[in-house]
Amino acid sequence: TGVFTKQVFMSFIALKDISYSTILKVSTPTILSALSTNIMQIMDRLILAKYSTTAMTSATASGVWCGTIQCATISMILIAGAFVGNYNGAGKYKLAGVPVWQMIWFSLFLFLLSIPMSKYLGPYCVPANLQAEGIPYFEILMAWTPIFCLKASISLFFIAIGKGFLITIAVLIAMVINFIADIVLVFGCFGITEFVGTPGAAIGTILAELSEVVFLSLCFFKKNIRQQYGTLNCKLRLKRLNKYLKLGFLASIGHIVESVIFSFIVFFLTSISNEMALIQTISSTLYSFFLFFVSGLEKGIMSIASNLLGAKMRYKIDILLKRGIVLHCIITLIIAAFIFIYPSIFINSFIDMNSTSPELVNEIILVMGLMMITFLFDGVVWIEAGILEAGGDVNFMMATIAGCITAFVAIPAGFLI
């Protein structure tokens with residue numbers, strides 16, 4: 001117990017450090033946690049592309065709605081990490097497990113919604129030209145959406161106490177399981193032919209997510225963690241749950257509105273033609289990757305800021321904000337340079353550029369460039385949002401982000417499409 005207490009103290013000290021390396025160290029597991037689901041869906045698309053282009057575009061068109069629900073609920077859940085961070089920063093370790101359990105209960109309650117939604121919403125969420133392959137993918141992924149939320153609920157605990165490396169391990173295990181399951185099920189290897197195509201890809205993702213939940217749960221209930229943080233205190237506290245969900249909704253309304261509007265845009269674009277569906281598949285994959293990257297960096301900043309506030313070190317917040325923005329800009333420039341210099345590496349993962357018309361390839365490259373510009377400014381906004389979330393100030397962020405996305409994305413995109 002003494003050794004563990006020292007480890008907790010060192011983790012607490014690390015979370016009060018605001019160097020670039022600390023921001024990156026804390027944010028990387030958060031980014032991996034946010035990206036793990038999306039990385040596996042990207043892996044699904046890449047493997048499905050080798051199976052059938054139609055299967056790939058169908059999975060993208062149907063998966064975007066599942067991703068919207070996941071983004072909305074997970075964004076709401078992750079706000080509880082600010083409370084865990086505050087308790088950790090203030091040395092109130094026994095209370096750190098309480099917010100986590102409220103989010104675990106919320107995740108389990110979501111099955112009451114996800115199963116009916118998976119049964120009846122498929123024909124309305126998948127374009128008619130992609131329903132044959134898209135609806136089976138939608139039904140499986142939507143029904144099991146609470147598993148993604150359950151993983152996020154446990155992940156936020158380890159992020160907030162400075163043990164994000166456990167999430168990194170969980171993600172790596174899940175990616176291996178997802179890759180193997182996708183290959184076996186999508187292509188019907190070893191005589192398993194019942195799930196070929198999109199159903200196999202969806203099942204592979206679910207199996208991978210379940211592996212993350214199991215691994216993190218074992219860590220969550222480990223003896224020394226139980227004793228230090230009281231992680232067996234599983235009582236449902238409705239007032240606390242209501243408080244967390246209210247703050248979480250306000251904090252994530254920008255992400256929710258952004259995801260919903262994006263889903264509608266994808267739906268209409270993929271309905272136009274198969275070529276447009278292909279362009280949208282590639283661009284949405286890039287967009288989704290960066291959306292979860294920004295969300296992960298935001299939560300990492302929030303974890304450090306909440307620990308600083310809990311420790312009465314408010315004066316360091318300005319430095320944290322500046323360094324977070326600088327770090328984001330550097331990462332953006334590195335990724336943008338790679339994409340602009342070697343666009344073929346990314347595009348060839350989906351299609352054969354040599355057998356594709358130059359006009360289509362040029363349009364894909366143009367969209368990728370526009371995505372990088374969006375990513376640059378979007379990241380600055382969400383880093384600022386992470387600071388506000390740590391202090392519980394979400395009203396300004398809610399109004400600004402939701403209003404701007406509606407005025408400058410939804411309405412212009414509707415006219416342009």
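Now for a description of the structure that goes with this document. Owing to the predicted nature of the structure, the values given are computational and were not obtained by experimental measurement.

About the thresholds
Residues numbered from 1 in each chain as written. Predicted model: local features only at pLDDT ≥ 70, side-chain atom pairs only at ≥ 80, totals over all residues. Heavy atoms only, no water. Phe/Tyr/Trp six-rings, centres within 6.5 Å; stacked < 30°, edge-to-face > 60°. Helix = DSSP H or I, 4+ residues; strand = E, 2+ residues; numbered from the N terminus. Buried < 20%, exposed > 50% of the residue type's maximum accessible area, 1.4 Å probe, protein only. Salt bridge = Lys/Arg side-chain N within 4 Å of Asp/Glu carboxyl O.

### Some remarks on the packing of aromatic side chains
Applying the stated criterion to the full structure yields 13 aromatic pairs. A centroid spacing of 6.1 Å and a plane angle of 45° characterise the contact between Trp101 and Phe221, whose relative ring orientation is tilted. Residue Trp101 is located in helix 5 (residues 97-109), and its partner Phe221 is located in the loop between helix 11 (198-220) and helix 12 (223-229); the two are separated by 120 residues in the primary sequence. Where Phe157 meets Phe158, the ring centres are 5.1 Å apart and the plane angle is 80°; that geometry is what we call edge-to-face. There is no split in this pair, since Phe157 and Phe158 are both buried.

### A closer look at the pattern of salt bridges
Note on pairing: side chains with opposite charge can pair once their charged atoms come close. All told, the structure shown has 2 salt bridges when counted by the stated rule. Notably, a salt bridge pairs Lys151 with Glu209, separated by 3.4 Å at the nearest N-O pair. Residue Lys151 is located in helix 9 (residues 145-160), and its partner Glu209 is located in helix 11; the two are separated by 58 residues in the primary sequence. Residue class for Glu209 comes out buried when judged on its relative accessible area of 0%. Between Lys151 and Glu212 there is a salt bridge whose closest N-O contact spans 4.0 Å. Placement of Lys151 in helix 9 and of Glu212 in helix 11 is noted, with a sequence separation of 61 residues between them. Each member of the pair, Lys151 together with Glu212, is buried. Each member of the salt-bridge network shares a partner with another, and the members are Lys151, Glu209 and Glu212.

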